[in-house]
Each structure stands twice: as structure tokens, then as C-alpha cells.
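Descriptive analysis of the structure
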Amino acid sequence: RKLLKQVPLPKGVIRLFRLKVREFEGQPVYMQTIVINRPENYQNKELPILVFLHGYCGSGSLFYKTYEHLVDHFQVVFVDIIGMGGSDHPEDFSPHKSSPEECRDYFVGYLEDWRRAFSKSGTAHKFVKMGPNGLDKFVLTGHSFGGFVSGSYALAYPQYIKKLILVSPIGTVDDSYFETQVTLGLKSLPTMTGTQGRVSSGIYLDDDDELDNHEINTLDLVERGMDNLVRNYFWANIYSPQDASKFFGSRWTNSTIDDFLEKYKNRDDYSQQELDAIHDYLFSIVQRKGTSEYGLMVLFQHDLTAKLPLFAPDAFCNRNFDLPVSILVGDTDWVPDLIGKKGRALINKRNSIVNRGKKEGIQQSNYVVCPDSAHNLQMDNPQHLCQ
């Protein structure tokens, strides 16, 4: 609520509530929902409904800077993924016993349960103007891990989706897509601030960096050691980044969050009060008991390539899946590296496959690069993201 108070919108435009979606062991399971909608929108106008999923272990609350830019164009609904953000953490997920398919279906199943509950909710109908069938024909958007969940949901329930927008998504390709394999290390290990530079002997360097051969070789050994440690120990044994926070303690966690927020401290569009609220919220998220967060290790390789890639012949590249799919990334985002820098080619290939032999092509899918943005476009350049 501290974050939501930072949004310059009139009282009553933002509604936060928890929606019961199912029961587990006799106890209700709730998913946090945030609706951003002007009263005149759901009383007098029929704007399209935009449902937005956050990224890994994030929350719809962290997208608060997008609210004012979206509300004049959509009836906006943010939902926190089960086991993340403000949603409940039911202990109904067993990562060591789940296959990638079962893990994917776990997230998709909860999202469909949420859609059904939202469609029947009296509270939701007060704030969102839905059709006779409830929540259907909506624009589904997902950021990062939420992009993979959104894409998987669209494959399972395309009849409810009008358009799919993936913001800096992971899960688009598997490791066979890369032209050149690189170690995890400094190049492909995702960071919250993004990367840019050049590759040299497996090390990702900024253009101003100069390393002699001895330094490169030493760093390469460190990189390979870290790669093996992550892959063979942490990933194989399903330890999450949040486990590291709990293991190293609050001082390390506070320091890590401070490092993440450092680049926003000198920006005019972030007050210290905002940054303190973001810090406290992130800290509270990572300290919660882990449940569905372990799905990351089940669904992805340690370099974040997918075990069930969205752009596969039986998924997005199936000509019968004809929803328009757009990808948005930041210009200093690490996700284009993860896609092999072929995001546009993926979209063009999909358009070609889906429209082949059809007299009238579907609405074209797009690949958009947002300026002045790394992986967290909603914080780096929220206005351009929404445009």
C-alpha cells in the first residue's frame, strides 16, 4: 500500500483485494489482485481489459509507475502469481517430484482458477466491466517469468485471449537455439540492471574495459567455476535466489537490494520515500517461505533457456496458434542475449508460419525495443513501455 500511494491517480481508481481461487487442505487459497480503472470506464465505456503478470518473485505492486499511463487505454488488472508477491504460498507444489510439464501446468492451472474466480467475483464486477462470459477476450501481458506463464496460459486457453504481449520474456527458446554456446558467468547470468558490451574469451566486457591476457584467463577460470557451482549444486539441488537471501541473512539481503536500487537514486522521477518503499517490499518478498519459486529450476536450465520453449513447432510456431504475439525488450536488456539476438527473426518466422496459405493474415506480431531500459522496463522507462 505504501507503493500504491505513490501513484498520482484519484482515490478510487486503484483497488487492491485478495481473490479466493481454490482450497488446499481445507484452507482457502487467495491471489492478490490490483485493478486500475476509472469509474467512468466501467460505467460508460468499454475499454479492453489488460491482465498483467509480474516477473519472478515480483509483484504487480512493483509496476505502480505504469498505472497512470495504462489507465486511459485499458481496464487494467495486475495479478500476483501463486506463491509470489502478495498471493498465498500454499505448500501444494513439490519441485523435486514435478516434471517441467507438471510445473508449467501448476502455474497455468492457478491462473485459470483465478480467471474463473474473477469472472464470478462481485467485487471484480464492481470495478471492471466484463462481458456476459466474464473475463474473456482480454489482452494478456507478462514480464520475464510472467511472460513464460502468460505464453503457456495462452497456449492452453487461447479462446480467452485477444492478444499476447511478452515483456522481456524468458522461456522463449531452449539451449539448442544458440549459434555459439557461452558459459553462464558474466555474460549470460541475468542481472537486474541488464548488460551491454562485447564478448572476449567468454567474458562480457564494457567497451571501456581493458584486460590483459592474464586477467582474462583468471576471470575465465572464476567464471567457469561459478558456472559449475550454479549448475551442478544450486540448480541441481533446486536452491532458489531467495534461499541465498535467507542463508546469508538480512544484512546481505539489504545490501543486495540497495545495489539494485542504486541507479535510481539520482533520478528525478524517484523520491527517497519511493525507494524506501520498494526496498521494504522487495525485502519482505524474499523473506517469505519459498513454494512456487522453486519452479524456476524445474522449468529452466541454469542459463535460463527453457525446457519447454514457447517458440517451438508445437507451441507458438504451430500455424494453428494464430494469436498475435508481441515481444518488448529494453535496449540494454539481457533477454535479447538469451534469445540469441534473434527476437525479430522469431517473430517474423512465426508470422510466416501462421499466415501461410491464408487469404487474410492475422494481426501481425511485433518485436519492439524500448529505449533507456534494461530488464525492468517498468522501472527504467515505464512511459515508453506503456506506449
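Anything mentioned here points back to the structure above.
What this report covers is the structure whose coordinates are included nearby. (Residues numbered from 1 in each chain as written. Predicted model: local features only at pLDDT ≥ 70, side-chain atom pairs only at ≥ 80, totals over all residues. Heavy atoms only, no water.)

1. Some thoughts on the packing of aromatic side chains
The final tally for this structure, using the stated rule, is 22 aromatic pairs. Both rings, one in tyrosine 56 and one in phenylalanine 145, keep their centres 5.8 Å apart while their planes meet at 70°; by these two values the pair is edge-to-face. Of the two residues, tyrosine 56 is situated in the loop between strand 3 (49–53) and helix 2 (67–70) and phenylalanine 145 in helix 5 (residues 145–156); the sequence distance between them amounts to 89 residues. We classify phenylalanine 145 as buried; its relative accessible area is 0%. Between tyrosine 106 and tyrosine 110, the aromatic rings sit 5.2 Å apart at their centres with planes inclined by 65°, giving edge-to-face as the arrangement. Of this pair, tyrosine 106 and tyrosine 110 are both found in helix 3 (residues 100–120), four residues apart, which corresponds to roughly one turn of the helix. As far as burial versus exposure is concerned, tyrosine 106 and tyrosine 110 are alike and both buried. Each residue in the set Tyr56, Phe93, Tyr106, Phe107, Tyr110, Phe145, Phe148 and Phe300 is aromatic and connected to the rest through ring pairs, giving one cluster. (Phe/Tyr/Trp six-rings, centres within 6.5 Å; stacked < 30°, edge-to-face > 60°. Helix = DSSP H or I, 4+ residues; strand = E, 2+ residues; numbered from the N terminus. Buried < 20%, exposed > 50% of the residue type's maximum accessible area, 1.4 Å probe, protein only.)

2. Overview of the pairing of strand 9 (residues 325–330)
Judged by how many residues are buried, strand 9 sits mostly within the fold: six of six residues are covered. Side chains of strand 9 alternate between two faces, with Val325, Ile327 and Val329 and Ser326, Leu328 and Gly330 buried alike. Looking at chain direction, strand 6 (residues 161–167) and strand 9 are connected through four bridges and run parallel. Paired with leucine 164 across the bridge in strand 9 is valine 325. (Pairing = 2+ DSSP bridges.)

3. Things to note about the packing of helix 8 (residues 241–248) against helix 9 (residues 250–261)
Axis separation between helix 8 and helix 9 bottoms out at 6 Å; the angle between their running directions is 130°. When the interaxial angle is binned, helix 8 and helix 9 end up oblique. On the side of helix 8, the interface is formed by Ala244, Ser245 and Phe248, while helix 9 contributes Ser250, Trp252 and Thr253. Of the residues assigned to the contact of helix 8 with helix 9, the class counts are three nonpolar, three polar and no charged. (Axes fitted to C-alpha atoms, helices over the stretch in contact; angles between N-to-C directions. Parallel < 35°, antiparallel > 145°, perpendicular 65-115°, else oblique. Contact = heavy atoms within 4.5 Å. Nonpolar A, V, L, I, M, F, W, Y, C, P; charged D, E, K, R; others polar.)

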